[in-house]
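# Residue-level structure breakdown
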Amino acid sequence: MDTTSFLKKTIGGVTQIEPALTPPPANSEQTTFAKKPKIGAHKSKKREIPEGLWTKCPSCDAMIFDKELDENLKVCPKCEHHFTIGARERIHSLVETCTFQEMDAEMSSVDILQFKGVATYKAKLESYRKKSTLKDAVVTGIGKMGTHTVALGVMDFEFLGGSMGSVVGEKLTRLIERATEGGWPVIIISTSGGARMYEGMFSLMQMAKTSAALAYHAQRRLPYISILVNPDYAGVMASYASLGDLILAEPKALIGFAGPRVIKDTTQAELPPGFQTSEFLLDHGLVDSIVHRKEMKDRLVKYLDYFAAGKRHGHA
Ligand SMILES: [Zn+2]
């Protein structure tokens, strides 16, 4: 699939960061320069304004101070819009402090096909590694949630559109296999544009590999919770993301296989309103529950308690 245009479109909506000391007023068109203070007139006042960046909410247009947005787990305090959040930040919000042991932290992709597009795959990987603290689009490891040991895999959309290449597939497979050995539940939070086109067939193989590992995990009657966050598409949705015993989603996440435009062009039919959103998929049975980001940890601990109680009583 066309990962690059998808990436630009989606990221474009959330990276409208405008550096400013104060947020521009909502009706900025009516602002006149007459109100502009004279240079040097308010020197003391200027110092009181905290330095930083403001982010415009793509949903309600509110200007939010970045620090406030960070403290609120990247959820708009005005309209509850869920912004993209990094894998490490998300893990931090879910596991008990200092309990997360990362697995395969150094594993990184190689350019096996020597892919050349507008830029080479190698150059793309290098630039994304520099931009983020990540080696690839997923972070995996074992941690504690409440009293439970869990195997947690969290994807990061900012790394090459969360695309699934050999490293994403291998890291998740190793995570699942470790959980099967340890007798632990698996939780995977996915956000992805799909398979990584730069790795061709190698990325498509990851769909079968991760699914097979989950099948062995299920044979041991161990739970797998899949959490879908915006956006979640294609090869990832067609494999591990839709195989959860429980499938949760964040509010208003876009979730699907092919994008709505492709479906509309292929079927020549009008798509129903709200098509491919968490809410639509909850109504149609794919998603079991929509959970607000700030309530996610408590909810997961509740489910884990439930699974553990079932196991103790031999019902699981
Ligand atoms: Zn908002």
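Residues numbered from 1 in each chain as written. Predicted model: local features only at pLDDT ≥ 70, side-chain atom pairs only at ≥ 80, totals over all residues.

## Considerations on the overall build of the chain
Broken down by element type, the chain carries 11 helices and 10 strands. If you take every contact in the chain between residues at least 6 apart in sequence, the share linking residues at least 24 apart comes to 69%. (Helix = DSSP H or I, 4+ residues; strand = E, 2+ residues; numbered from the N terminus. Contact = placed C-beta atoms within 7 Å.)

## A few points about the sheet that holds strand E9 (residues 246-249)
An order of E4-E5-E6-E7-E8-E9-E10 is seen for the seven strands of this open sheet, with the pairing classed as mixed. Edge strands, defined here as strands with exactly one partner in the open sheet, are strand E4 (101-103) and strand E10 (289-290). Note that E4 and strand E5 (residues 138-145) share three bridges and pair antiparallel. Counted as the bridge partner of glutamate 102 is glycine 141 from E5. Here helix H4 (residues 87-94) sits on the sheet in contact with E5, strand E6 (148-155) and strand E7 (186-192), set at roughly 160° to E6. (Pairing = 2+ DSSP bridges. Axes fitted to C-alpha atoms, helices over the stretch in contact; angles between N-to-C directions.)

## Let's talk about the pairing of strand E8 (residues 224-232)
E8 sits mainly inside the fold: nine of its nine residues count as buried. Crossover connection from E7 via helix H7 (residues 200-219) to parallel E8: handedness right-handed. In terms of strand pairing, E8 meets E9 through four bridges, oriented parallel. Its bridge partner being in E9, serine 226 is matched across the sheet by isoleucine 247. (Buried ≥ 20, exposed ≤ 12 C-beta atoms within 10 Å, placed from the backbone. Right-handed = clockwise from strand over helix to strand, strands pointing away.)

## So, the nonpolar core
Ranked by internal contacts, the top residues of the largest apolar core, which has 53 residues, are Val138, Ala151, Ile176, Val186, Ile187 and Leu228. Residue contributions to this core peak at six residues, all from helix H6 (residues 166-182). Sequence-distant contacts of valine 138, that is, excluding residues within four places in its chain, are made with Ala87, Gly153, Val154, Met155, Val168, Lys171 and Leu172. In this structure, Trp54, Cys57, Ile64 and Cys76 belong to the second largest nonpolar core, which totals five residues. (Core = buried A, V, L, I, M, F, W, Y, C linked by C-beta atoms within 7 Å.)

These results come straight from atomic positions and should not be treated as a statement about function.
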